[in-house]
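Given next are the chains, with one letter for each unit.
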Amino acid sequence: MIYTAKNKAKILIRKLETTDFLKLNSYLENLSEASKKRFGPHPFDLTSILAFYEHGYDTGYIGYDLDKEEIVAYSIIKNGVLDDDNNRYTNYNLPLNQQTDVTFAPSVADTWQSQGVGDTMFQFIHAELRKTQAKRIILWAGVQATNEKAINYYKKNGFKKVGEFSTSVENYDMYLEV
Ligand SMILES: CC(C)(COP(=O)(O)OP(=O)(O)OC[C@H]1O[C@@H](n2cnc3c(N)ncnc32)[C@H](O)[C@@H]1OP(=O)(O)O)[C@@H](O)C(=O)NCCC(=O)NCCS
């Protein structure tokens, strides 16, 4: 789908392809330190991107600025759940299902945040998931409790908080029924 941003730029939202990897590498390297602290499902170098997608199990999505020909947003849907996330949800008495639950990690380029790109990308992903067996969307390693922007974003899109946990920082677990 094509999204017309507030600044009139045309942003194509679509699945990531292998031919996007170089541009994805530069998108990730150019995220601010603040965004890098909050989004890190895999390392950002090209070798790690290749390794992450080589088994074809996770699906990447991008927002692509059609005029500037650059990636402005990147999200991942992992089929199934991570062990650490699974263990915490079991403790909440909400056991996860590797076959029907998926794990979500979103990001938007710093200069593009708060302009509706994240929302549009999530709506695209949600519509794609409705066509599959997916039942619940789990946040990838939760969301940092200080990440107000992301927490508002998840709440706006219907995610519910199910618990809290500590790493080096405080975090919330949130999920959505597809
Ligand atoms: C979190 C993130 C994906 C949201 O995407 P986005 O494109 O910035 O968000 P949108 O512009 O689509 O806004 C959607 C909602 O998010 C919330 N939001 C966005 N910007 C916000 C801000 N500056 N302050 C508070 N809430 C904000 C609002 O609820 C907003 O809805 P509204 O516009 O109706 O008020 C993006 O900001 C991002 O990549 N942040 C850095 C990486 C990150 O934190 N990833 C998540 C890790 S858990």
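Remember, it's a predicted structure, so these values are computed and weren't measured experimentally.

What counts and how
- Residues numbered from 1 in each chain as written.
- Predicted model: local features only at pLDDT ≥ 70, side-chain atom pairs only at ≥ 80, totals over all residues.
- Heavy atoms only, no water.
- Near = heavy atom within 4 Å.
- Polar contact = N/O pair within 3.5 Å; in protein donor to acceptor, adjacent residues only side chain to side chain.
- Areas by Shrake-Rupley, 256 points an atom, 1.4 Å probe, with all protein chains shown as cover.
- Helix = DSSP H or I, 4+ residues; strand = E, 2+ residues; numbered from the N terminus.
- Salt bridge = Lys/Arg side-chain N within 4 Å of Asp/Glu carboxyl O.
- Buried < 20%, exposed > 50% of the residue type's maximum accessible area, 1.4 Å probe, protein only.

(A) Molecular detail of the site of the ligand. Taken together, 21 residues lie around the ligand, and Val-108, Ser-114, Gly-116, Gly-118 and Asn-147 are the ones closest in. At 2.7 Å, a backbone N or O of Val-108 approaches an oxygen atom of the ligand. Between Lys-156 and the ligand, the recorded distance is 2.9 Å, taken from a side-chain N or O atom to an oxygen atom. In the complex, the protein chains occlude 76% of the 920 Å² of accessible area that the ligand would expose alone. Secondary-structure elements contributing two or more residues to the shell around the ligand are α2 (33–38), β5 (101–108), α5 (117–130) and α6 (148–156).

(B) Representation of the pattern of salt bridges in the model. Counted under the stated rule, the structure contains ten salt bridges. Residue Lys-36 is joined to Glu-33 by a salt bridge in which the shortest nitrogen-to-oxygen separation is 3.8 Å. Of the two residues, Lys-36 and Glu-33 are both situated in helix α2; the distance of three residues between them amounts to about one turn of the helix. By relative accessible area, Lys-36 is classed as partly exposed at 26%. Using a relative accessible area of 54% as the deciding quantity, one classes Glu-33 as exposed.

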